[in-house]
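Examination of the molecular architecture
These are the residues of each chain, in order.
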Amino acid sequence: MSMSSIDMTTGAERAVEKMSSRADFEQVAQDETARWQREYNNVARPTVLIGISSSSVAHGAWKVYFEFVNQLKQRGIAADVRVVSEMGTNWAMPVVDIIKPGSPRIAYQIITADKVGALIDRAIVGDERGGMSGDPVKDIVPLCVYGHEAWDGGTVRVGDIPLAKELPFYEVQQRILMRDFGYVNPRNIYDYIGRGGYGSLTKALFDMPPTDIIDTIKKSNLRGRGGAGFPAGTKWEGARNAKGEPKYVVCNAHEGEPNVFKDRRIMEGEPHMLVEGMIIEAFAIGSHIGYIYIGDEYPLAIRTMEHAVEQARAAGFLGKNILGSGYDLDIQVYMGGGAYISGEASALQFGIEGQRAMPRTKPPRSVEAGVFGKPTCVNNVETMMYVPDIIRHGADWFLALGTAKSPGTKMVTLMGLPKYVGLSEVPLGTTMRDIVFKVGGGIRNDRPFKAIQTGGTSGGLMLDQHLDLQLTFDNGPQDMGSVKGVLGSGGFVVYDDSVSIVDMTRYWMRFNRYESCGKCVPCRIGTKSLLDILDRIATGLGRVEDMDALKEWSEHVISMSLCGLGQAAPLPTLSAIELFRDEFMEAILNQNDPTGRNEALVAIQQRRRLEPGYGRLPQLATSNGSSQGKVITLTPVTRK
Amino acid sequence: MSDQAHHYAVAREIDLSRVREICDQYRNISPEEALMPVFQGIQEEYGFVNEAACYEVAHQLNLSPTQVYSSLTFYWIYKWRPGGKHRLFLCEGSGCYTTGTTRLRRVVEERLGIGAGETTFDGKITFQPFSTCMGACEWSPLVELDGEFYGFVDEARMNQLIDELNRQEYDAADQLAAPGSDAQYALVAPAPNSGDASTANVAQISERAPSLTEYEAEQTAQSGPQPNSGNADTR
């Protein structure tokens, strides 16, 4: 891999030069800031920006890129084509942004490779008239106008194209981590430096003793973004005070949930911010070895991250005697094997040790005995990303964002059936209604909203009447935690009325059952048993007492499992049988599914038209759902 | 691991001397740490790992074969047999699942006769449903075939994709086959009522989409190979 960076003026690669002192860095930072301003605010010729992420690649963004390069060359048009990170507007992909000299930055939606010629005619050769409708070139619709410096900085209007802040998707967003998304080339370290990057690193290395850094993070009340919301400062302090050498810093970049892709996008879009945060963290706790543990299923993120670490090493931010401060650190990108459970902190350590990634009992916690039995500080990608900004602006700046108990912003992936599928960043404390109906734009095809699944695979459902609750880590009356909603890693799935909750509950349990590592009995057998019951209900063989069994067994699995997977696996089920009891009872008593999504139930209903009574089971309990049947009762175990 | 025996795909045997070379790249870190990178290297090169490689790696890294084998079998990325010539991925992330991937999975199972993670016995097609989101959920259900993504795939469209594979892989053989010969037992079952299914809008499957690799090649071509910046020793 070449240790070079892409020069934005010529498109050619530019070697990364080593900086060996703070003065060196400050000189480079000054030059790069000036260069960035010059090249972005006053482009000399039309510039095409194409966002690259795994999502846009799936939509054909590389094809669009090469189509632009080839067509501009063939037609002899002087214009630059640049690769940048991607804004998160998945529903409009592939998005192409065009800046012309003296004109704002206009984004166009759904530009597939066959529309490239028309877009060149309209926006590069011709002048954009700013028409959202009735334009001469069919099929090309602008998305919005972005600012030159920041996504919400656009003020100059072009026709009736909305400003970014006017789109419902962007309306409630506040982008702190994602501020450079869509602006910098993730493969160019100088873009990041030009945007103020690595400034916090020098501040931390030269101006702040490690204890001050930890105090700042503690004061800022930065809570872990991986799911549990554990205060990061407390963890760092524990790692700093732990006895044992060497100490390790591990970035947990292994998210394997079926509806979360925020960490992947961070690594594909802004890898240097993660590297910077990780160096500061390692310096604060006195570690000299770092790992970034990425699941194997993210090839683009791995390559981008590896490139970023190489560049940081070449620039002198990693290695021996970083910027002449006398501090050494090296970071490795470590590719995990791809198992959801590897994202659990103690399992991840075994993954790095080349063993089966199974969680272990705690204590000792990983800050005392982690990788190879040494003190290890494991943090999520998003948590580490906040560190540079908190160091730069101070803890009070961070506390002013979000709510009192959950400060800051949160990256959210919204999936399922909203209009705007995508990646967004909202301040904590935003109501769920804003997330579904503004960031998500409501439900696709204007169907009715049914429920939203929270917390990746491990949270409850929220109905329409719960949507005024706030997105936080807490359990207060105003927080989503009060109705089994879990913020978790920020993955939300929106359901419309065509989705069968019985089917989806089975899907979640099947995922957890498949991903259960099998080490502890409650999770290994509990998820299997719960799945058996759900399978039975979904195939028309359910019994009324199954409802009680699901509830009771779920509680046992939650209270007795070893790690977070088992403790959270039954939450969607518990929430579903509470909120959608009617739907389950309909499946159990009448073998009917109003949504028509459970194929077995649909088949029974079809057959029943010919043979009334087909598939009816003798019920052991009364039809009002109260159980008179047999339920195996276990003695509850309370966990201290 | 005995399922290696009845695999007919044209696949390279894992060369144990090459395995030793891969192990040698990781001598500077502890053997436990090196285990995963070594096997990722082997899998990248050959597309699968096998028992012989397990023993060789255990010997080279001075680990017990049991430990090597137990670690490998835990992670689903390691394949124990070579994948097919064509890779058919079906996204089963929750976004796609809400739009109905169950039916698509059944289409594949019925027509190709293979389940999740399996390869047709002639080594032509591998089918892999997975739940790691590809982040293109507004196109759901999403299918990836040989690096090309297809959105809004319904049963008819899935049938078209399989028809196209069928045409590429089996038609020539079918024309040559005399009635009663082996080739008549087509591995791909005909689509139900596929008589006049239009396949005009199915892209040419063999054409690979460009990727980061092409981009890097283009960037290097523009600037010429860069001299190393001389900082390699900082590693």
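In this report, we go over the structure that sits alongside the text. Here the residue numbers are simple positions, counted from 1 along each chain's written sequence. Starting at A for chains and at 1 for ligands, labels are handed out in the order in which the entities are written. The predicted origin of the model limits local features to residues at a pLDDT of at least 70 and limits the giving and counting of side-chain atom pairs to 80 or more, whereas totals for whole chains, interfaces and linings rest on all residues. As a rule here, side-chain values come from all non-hydrogen atoms in the structure, and water together with hydrogens is ignored.

By secondary structure assignment, the location of A:R597 is in the loop between helix 22 (581-590) and helix 23 (599-610). For each residue, the accessible area found with a 1.4 Å probe, counting protein chains only, is set against the maximum for its type, and the residue is called buried under 20%, exposed over 50%, and partly exposed in between. Note that His is not counted, nor are the chain ends; the positive residues are Lys and Arg, and the negative ones are Asp and Glu. We count a salt bridge whenever a side-chain nitrogen from Lys or Arg sits within 4 Å of a carboxyl oxygen from Asp or Glu. One buried charged residue, A:R597, remains without a salt bridge, the closest side chain of opposite sign being A:D503 at 5.4 Å. Among the polar contacts listed, one links the side chain of A:R597 to the backbone oxygen of B:T98, at a separation of 2.5 Å. Here, residues are in contact when the closest pair of their heavy atoms is within 4.5 Å. In this view, A:R597 contacts A:S498, A:V499, A:S500, A:D503, B:Y97, B:T98, B:T99, B:G100 and B:R103; residues no more than four positions away in its chain are not counted. Strands are runs of DSSP state E lasting at least 2 residues, helices are runs of H or I lasting at least 4, and numbering of each runs from the N terminus. In the analysis that follows, any N or O atom pair within 3.5 Å is treated as a polar contact, provided that within protein one partner can donate a hydrogen and the other can accept it, and provided that, for residues neighboring in sequence, both atoms belong to side chains.

Counting residues at the interface gives 56 residues for chain B, matched by 79 residues for chain A. In short, buried area is how much 1.4 Å probe accessible area vanishes from two parts on joining, totalled over both. Counting the surface chain B buries against chain A, the share from its top three residues, B:F74, B:Y97 and B:Y215, is 13%. For the pair chain B and chain A, the number of links is four salt bridges. Here B:E216 makes a salt bridge to A:R187, at a shortest N to O gap of 2.4 Å. Our count for the contact surface shared by chain B and chain A stands at 20 residue pairs in polar contact (both at pLDDT 80 or more). When contributions to the side of chain B that touches chain A are tallied by element, the ones reaching two or more residues are helix 2 (31-46), helix 4 (65-74), helix 5 (94-98), helix 6 (102-112), strand 4 (148-150) and helix 8 (212-223) of chain B. Among the elements that take part in the side of chain B that touches chain A, helix 8 of chain B stands out by supplying nine residues, more than any other. The classification used treats Ala, Val, Leu, Ile, Met, Phe, Trp, Tyr, Cys and Pro as nonpolar, Asp, Glu, Lys and Arg as charged, and all other residues, Gly among them, as polar. A class-by-class count of the residues in the side of chain B that touches chain A yields 19 nonpolar, 26 polar and 11 charged.

In this section: the packing of helix 1 (residues 16-24) of chain B against helix 2 of chain B. When two helices pack together, their arrangement is given by the angle between the helix axes and the distance between those axes. All names here are of chain B. Geometry is summarised by axes, namely lines fitted to C-alpha atoms with helices restricted to the contacting stretch, and by angles between N-to-C directions that run from 0 to 180 degrees. It is at 9 Å that the axes of helix 1 and helix 2 come closest, and there the two elements cross at 135°. In terms of orientation, helix 1 lies oblique with respect to helix 2. Helix 2 is crossed by helix 1, and the crossing has right-handed handedness. Contacts between helix 1 and helix 2 involve R18, V19, I22 and C23 from the former and V38, G41, I42, E45 and Y46 from the latter. A per-class count over the contact of helix 1 with helix 2 returns six nonpolar, one polar and two charged. With respect to orientation, any angle under 35 degrees is reported as roughly parallel, any angle over 145 as roughly antiparallel, any angle of 65 to 115 as roughly perpendicular, and every other angle as oblique. Two helices that cross are described as forming a left-handed crossing if the nearer one is turned anticlockwise from the farther one by less than a right angle, and a right-handed crossing if clockwise.

With that settled, the discussion passes to the pattern of salt bridges. Residue and element names in this part refer to chain A. Taken as a whole and assessed by the stated rule, the structure comprises 53 salt bridges over all chains. Among the salt bridges present, the one from K219 reaches D396, with a minimum N-O distance of 3.2 Å. On the criterion of sequence distance, the pair formed by K219 in helix 8 (residues 210-220) and D396 in helix 15 (residues 395-399) is long-range, its members being 177 residues apart. R506 is paired through a salt bridge with D503; the nearest N and O atoms lie 3.9 Å apart. Note that R506 and D503 are positioned in helix 17 (residues 501-515) at a spacing of three residues, about one turn of the helix. Judged by relative accessible area, R506 falls into the buried class, the value being 16%. The class for D503 is buried, based on a relative accessible area of 8%. One network of salt bridges, in which partners are shared, links E149, R179, D180, R195, D389 and R392.

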